[in-house]
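What the coordinates show
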Amino acid sequence: MIKVSKLKEAVSAYGTPLYIYDLDVIEKQYLKLKNSMSNIKDLKIYFAAKALSNISILNYFKSLGTGLETSSIEEVKIGLKCGFNKDDILYSPNGVGLEEIIEANNLGVKLNLDSLESIEAFTENYSEREISIRINPNIYAGGNERISVGHKDSKFGISEDKLSRLVKIEQEGKLIVSGIHVHTGSDILKNEELELTVNKIFKIARKFKNLKSINLGGGIKVQYFDGDSKTDLKEYSNVICRELDKFTLETNRNIQIILEPGKFLTSESGFFLTKVNNIKKSYNTKFAQVNSGFNHFIRPTLYNSYHEIIKLNKDNDEKETYNVVGYICEKDTFAQQRTINKLKVGDLICFKNAGAYCFSMSSNYNSRVKPAEACIIDNKIKLIRKRETVENLLKNQINIFVK
Ligand SMILES: *Cc1c(COP(=O)(O)O)cnc(C)c1O
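Residues numbered from 1 in each chain as written. Predicted model: local features only at pLDDT ≥ 70, side-chain atom pairs only at ≥ 80, totals over all residues. Heavy atoms only, no water.

Brief notes about the pattern of salt bridges
- In this structure the tally under the stated criterion is 22 salt bridges.
- The salt bridge partner of glutamate 160 is lysine 200, with a shortest N-O separation of 3.1 Å. In this pair, glutamate 160 sits in the loop between strand E7 (158–159) and helix H7 (163–171) while lysine 200 sits in helix H8 (residues 191–205), placing the two residues 40 residues apart along the sequence.
- Using a relative accessible area of 25% as the deciding quantity, one classes lysine 200 as partly exposed.
- As a salt-bridge pair, glutamate 243 and arginine 242 come within 3.8 Å of each other at their nearest N and O atoms.
- Several salt bridges converge on common partners, so that one network encompasses Glu195, Arg242, Glu243 and Lys246. (Salt bridge = Lys/Arg side-chain N within 4 Å of Asp/Glu carboxyl O. Helix = DSSP H or I, 4+ residues; strand = E, 2+ residues; numbered from the N terminus. Buried < 20%, exposed > 50% of the residue type's maximum accessible area, 1.4 Å probe, protein only.)

Thoughts on the side chain of serine 267
- Along the polypeptide, serine 267 turns up in the loop between helix H10 (263–266) and strand E11 (270–282).
- Those residues within four positions of serine 267 in sequence are excluded, and the remaining contacts are Val222, Asn353, Ala354, Gly355 and Ala356. (Contact = heavy atoms within 4.5 Å.)

Concerning the pairing of strand E2 (residues 43–48)
- Across the six residues of E2, five count as buried, placing the element largely inside the fold.
- Here three bridges tie E2 to strand E10 (residues 256–259), and the two strands are oriented parallel to one another. The partner of lysine 44 across the bridge, within E10, is isoleucine 258.
- For E2 and strand E3 (residues 67–70), the ladder comprises three bridges, and the chain directions are parallel. Bridge pairing in E3 links phenylalanine 47 to leucine 68. (Pairing = 2+ DSSP bridges.)

What follows is the structure, encoded as C-alpha cells:
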C-alpha cells in the first residue's frame, strides 16, 4: 500500500474529502492481467471508462496501451479528446436512441450493440457496417443482484432466441457481425460462472462467419480485505485458451480476445480520504461522522460493499467500534459496527478500494460540492481535478425571478 505519509501530504496540499490514485498500482494491475493472459496470442485490453473517468487516468491508460470501453456518447467524445484512436474505442450503449448510435457511428468508433430492434433500425440506413453484438447468455453471475447483468431478466444484451434473425440479416448483406461480446456482471465470485460464460460464447461464435473478435467483458473480482475471494486469473486464461484452441482448430480462423475490466484495473489504486467531524453516541451506537456522504462515495449504500478503513494518525493502539457515517440528510452508512483505531474529532481516515465506481458515481446531493482528485506518479502528488465550488453548482442554473 501507498505510504501513509504520502496520504497525509496529499491532505495537507489539497484538503479533504479527497480521492487519490496510485498510478503504479494501475500499471501493476494492467501488467498482472496481461501476463496472466500471455498464453492468448491476440489479446486486447480495454479499460471500462465508467469505473474512473478522469481524463488524466484515461490518458494514463492510453500510455499503457489499452483501448477504451465506453458506455455513453459522452465517454466516446472524452476518449477521442484524450487522443485514443477511433479503433481503440468501443461504444457499448444500452437503451439509447438511434440518434446516439448514429452519432457514434459517424465518429468512427467501434459499435457494440445490444438490441436486435435497434440493430434492425440501424441497418435500414447503414448497411454492411461491421458491428459487435452483445449477447445475453442467460447466466447469473456477479457479486450481487444489482451488478448481475447477464441473466434472463436483465435488460442487457441480445437473447439467444434472436440470434438466428441476426445471422439472417448478415446473410442478406445488411451488416457484418465482426465481434461478439458478453459482460455478465461485476465482482464475479466464482470461476465456474466465468467458465460457463466462456463456453457459451464460443458456442455462439460458431454461428458468425465473419467474426474477428470475442469480447469477454469485465467482472474480474478483486479482494476488499485480507482473505477475501478473487478471480483466479490463471484458471480464467486456461479456460479461454482451451475454448480458443478448439475454435481455431475447428474453423481455421484467428480470433482476437478482448477483456474490458474496470474494477480490476483501478479499484485498489484508489484511496478516499476524509476527516472526522464528530463522534457521537446515541443509544447503544457510537457514530463516527466524516465530512462526506453517499454523494461522494455511494458504493457502501448502493451495493453494501465493504471498504477497509484506516486511521492515518496512529496516536494510540486503542480500538473502538463505530458506525462510520457521513453528513448527508439521509442514511449514508459507510461501515456498520466496524472496529478500528479509536477516533477523535479531526482525525483523518481513509477508505480503501476507492478507485473504481467511486468518484465516477458521485453527485451533488444536498448541494455538496464534489471532492478533489489527485494521483501519485513517480512518487509525486499531482492534482487531477479541483474541488468544486458553490459557483460550479450554480453555473448552469437560471433564476427566473432575478430582475
Ligand atoms: C461496467 C462494464 C465493464 C467493467 O466491469 P468491471 O466489473 O468493472 O470489470 C465492462 N464491460 C461492460 C459492458 C460494462 O458495462
